[in-house]
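# A structural walkthrough
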Amino acid sequence: MEVNKFRTLFITSQLHRLPRYYVALKREFQDTIHKARNYTTRSKKSISISKDHCCCNQKESHRQIESLTQNKPSSPEAKTRMPPSIIPFLKPNYHNTLEESIRGNFSLKSDCTVSEDVLSQSADCLKKGGVIAVPTDTVYGVACLAQDTEAINKIYAIKNRNFQNPIAISVAGVEDIPRWSEITVSEELLHELLPGPVTLVFERKPCLNPSLNPLTNLVGIRIPKNWFMQELPARCCGPIALTSANLSGTKSCLQIEEFENLWPQLDIVVNGGRLNDTEEARLGSTVVDLSVPNVYRIIRPGSAYRSTVDCLERFGLKDSTQLSS
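Quick summary incoming for the structure in this document. As the structure is a computational prediction, the values presented were derived from the model and not from experiment.

## Structural notes on the overall build of the chain
Across its full length, the chain carries 11 helices and 12 strands. Counting across all 325 residues of the chain, residues that qualify as buried make up 41%. Once local pairs closer than 6 in sequence are excluded, the contacts in the chain between residues at least 24 apart make up 64%. Accessible area for the chain stands at about 18500 Å²; split by element, carbon and sulfur atoms hold 54% of it.

Next up, the structure:
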């Protein structure tokens, strides 16, 4: 009985401490909960950061892979831009001078050797609507199928070229010229001038793509003294639209590195090395209007002016400027 009484008195004496004990216990419990929540939050943030980091790494990897696939620089600091495909072009066994090239006295087989793969890849690309860079007998050019309107528009966009400026066509041989234009000179004269660094301008025929140079009824025709550029139209079974590989208003290019800024917009770059040793070649082909019978008019002197004029006058053609005066 005494023991129970003592216990009752002890418990009664400790009752005033219960609120403080309860408060302390509650605080300890809240601190524990708070710490647990902070730990959970930090863990979630850590996981989120890790996921974001992984996502960023994956995005960067995909961007770099996509950049490599498209052969574009992965960053603005990249020094070298690579086109989708640069294929080598085997250099000619020998080079004629610009003055000699006007004569056209050479053997196609001995003039140049080029692999079948280069021709096949280039022709297939053009047939699919591609735009490619090609070597010629003067400067590098950009080319597409003359009958492909969409590809022609690409060339104008790539060069930032005025649509009022016409583009010439390149054909496989002299026998193809009457198919696309009205001839006003003898076949003998055509063979004297072509192949060579000369563009002959005639009245066009209706079968030529009307979207090519729609503001004029004339068309310039080229047959470069370059085996590759004579075989390419034959493989494509039609004329090739051909103009210089440079931005409009800038100098023409003798090697592919000089138009590196155009590479990302081209489907193929056929690398023929440096095409000529003299700066005279940058003048491009000599452009002469032969649309009027027995008369010639020099539109652009180009790199073979003297030889072209001598040849025309030897065949009895008169300079239109002298007739008008």
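## Some thoughts on the pattern of salt bridges
Where charged atoms from two side chains of opposite charge approach closely, those side chains can pair. Tallied over the full model, the rule gives eight salt bridges. With a closest N to O distance of 2.9 Å, Glu258 and Arg282 form a salt bridge. With a gap of 24 residues between them, Glu258 in the loop between strand 8 (240-244) and strand 9 (268-271) and Arg282 in the loop between strand 9 and strand 10 (286-289) connect regions that are remote in the sequence. When its relative accessible area of 29% is taken as the criterion, Glu258 is described as partly exposed. Owing to a relative accessible area of 12%, Arg282 belongs among the buried residues under this scheme. Across the salt bridge formed by Glu279 and Arg274, the nearest N and O atoms sit 3.6 Å from each other. Of the residues examined, Glu279 reaches a relative accessible area of 49% and is grouped as partly exposed. In this structure Arg274 comes out as partly exposed when scored by relative accessible area, which is 31%.

## What about unusual backbone geometry?
In this structure, Pro195 follows Leu194 across a cis peptide bond, with omega equal to -5°. Relative to the assigned elements, Pro195 resides in the loop between helix 8 (187-193) and strand 6 (198-204). In this model, Asn213 sits at a positive phi of 55°, which is unusual for a non-glycine residue. Inspection of the secondary structure assignment puts Asn213 in the loop between strand 6 and strand 7 (218-222). The phi dihedral of Asn294 falls on the positive side, at around 70°, and the residue is not glycine. Looking at where Asn294 falls in the secondary structure, it is placed in the loop between strand 10 and strand 11 (295-300).

## Side note on the state of the cysteines
A complete count under the given rule lists zero disulfides for this structure. With no disulfide of its own, Cys125 has Cys236 as its nearest cysteine by sulfur position, at a separation of 9.5 Å. Residue Cys125 is classed as buried on the basis of its relative accessible area of 14%.

## Focus on helix 10 (residues 305-314)
All of the buried residues along helix 10 are Ser307, Thr308, Val309, Cys311 and Leu312. Phi turns positive one or two residues past the end of helix 10, at Gly316, with a value near 90°.

## A closer look at the nonpolar core
Core analysis: the largest hydrophobic core is formed by 47 residues, its most contacted members being Ile169, Leu200, Phe259, Leu266 and Leu290. Residue assignment for this core shows that the elements contributing at least two residues are strand 3 (141-145), helix 6 (149-159), helix 7 (177-180), helix 8, strand 6, strand 7 and helix 10. If we ignore the near neighbours within four places in the chain, the residues touching Phe259 are Ala133, Tyr140, Ala245, Cys253, Leu266 and Val269. The next biggest cluster of nonpolar side chains, apart from the first, holds 18 residues, and it includes Leu126, Leu145, Cys236 and Val270.

## Topic: the packing of helix 5 (residues 116-127) against helix 9 (residues 227-236)
One way to put it is that helix 5 packs onto helix 9 with a least axis distance of 9 Å and a crossing angle of 50°. Comparing the axis directions of helix 5 and helix 9 gives the class oblique. The hand of the helix 5/helix 9 crossing is right-handed. The segment helix 5 lies against helix 9, with Glu116, Val118, Leu119, Ser120, Ser122, Ala123, Leu126 and Lys127 engaging Trp227, Phe228, Glu231, Leu232, Arg235 and Cys236. Across the contact of helix 5 with helix 9, the residue classes tally to eight nonpolar, two polar and four charged.

## Digging into the layout of surface pockets
Looking at the largest pocket, its volume works out to about 730 Å³. If you trace the largest pocket, you find 37 residues lining it, with Arg161, Pro166, Ala168, Val287 and Arg300 closest to the centre. When contributions to the lining of the largest pocket are tallied by element, the ones reaching two or more residues are strand 4 (168-170), strand 6, strand 7, strand 8, strand 10 and strand 11. Looking at the lining of the largest pocket, the element that brings in the most residues is strand 7, giving four residues.

About the criteria used
Residues numbered from 1 in each chain as written. Predicted model: local features only at pLDDT ≥ 70, side-chain atom pairs only at ≥ 80, totals over all residues. Heavy atoms only, no water. Helix = DSSP H or I, 4+ residues; strand = E, 2+ residues; numbered from the N terminus. Buried < 20%, exposed > 50% of the residue type's maximum accessible area, 1.4 Å probe, protein only. Contact = heavy atoms within 4.5 Å. Areas by Shrake-Rupley, 256 points an atom, 1.4 Å probe, with all protein chains shown as cover. Salt bridge = Lys/Arg side-chain N within 4 Å of Asp/Glu carboxyl O. Disulfide = S-S within 2.5 Å. Core = buried A, V, L, I, M, F, W, Y, C linked by side-chain atoms within 4.5 Å. Axes fitted to C-alpha atoms, helices over the stretch in contact; angles between N-to-C directions. Parallel < 35°, antiparallel > 145°, perpendicular 65-115°, else oblique. Left-handed = near helix turned anticlockwise from the far one by under 90°. Nonpolar A, V, L, I, M, F, W, Y, C, P; charged D, E, K, R; others polar. 1 Å grid on protein atoms, 1.4 Å probe; cavity = no way out; pocket = protein on both sides within 12 Å on 5 of 7 lines; lining within 4 Å. Points joined across faces, edges and corners; volume = space filled by probe spheres on them.

Geometric values such as these leave the question of function open.
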